Amino acid sequence: MFLPKYPDSPTSPPAHTHASTEPAPVQRSLPSVSIDQKAVIALVVGGVVLTALLAAVAVTAISVAVAAVVLRSMLRDHRR
């Protein structure tokens with residue numbers, strides 16, 4: 001039977017380190033953005049208004065669905 005040949009004394013791979021000659025890239029800082037108090041207030045008010053509109057749409061959709069079920073039930077009873 002053929003057995004693989006192993007070296008008598010295993011050697012570790014050579015430890016060559018590649019030193020880059022290029023300097024590290026310079027990190028650029030982002031421009032500072034000043035946040036105005038009026039902008040924050042406008043954003044909060046806009047969020048509140050959009051949330052209220054979404055809630056109104058949801059309530060309207062539920063009301064229409066309930067009205068449709070009630071009318072369907074009334075029409076079914078009327079036909080009998």
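Reading the values: rules and limits
Residues numbered from 1 in each chain as written. Predicted model: local features only at pLDDT ≥ 70, side-chain atom pairs only at ≥ 80, totals over all residues. Heavy atoms only, no water. Helix = DSSP H or I, 4+ residues; strand = E, 2+ residues; numbered from the N terminus. Buried < 20%, exposed > 50% of the residue type's maximum accessible area, 1.4 Å probe, protein only. Areas by Shrake-Rupley, 256 points an atom, 1.4 Å probe, with all protein chains shown as cover. Patch = residues over 30% accessible without salt bridge, like charges linked within 9 Å, V, L, I, M, F, W, Y side chains within 5 Å. Salt bridge = Lys/Arg side-chain N within 4 Å of Asp/Glu carboxyl O.

Re the overall build of the protein chain
Then, in step 1: Tallying secondary structure elements over the protein chain gives one helix and zero strands in all.
Then, in step 2: Put simply, the protein chain has 80 residues, and 0% of those count as buried.
Then, in step 3: Within the structure as shown, the protein chain displays about 8,700 Å² of accessible surface, and the carbon and sulfur contribution to it stands at 67%.

Considerations on a nonpolar patch on the surface
Then, in step 1: Among the surface-exposed residues, Val33, Ile35, Val40, Val44 and Val48 lie close enough to one another that they form a single nonpolar patch of about 510 Å² accessible area.
Then, in step 2: In this fold, Ile35 is placed in the segment before helix 1 (37-79).
Then, in step 3: The exposed category is assigned to Ile35, whose relative accessible area is 69%.

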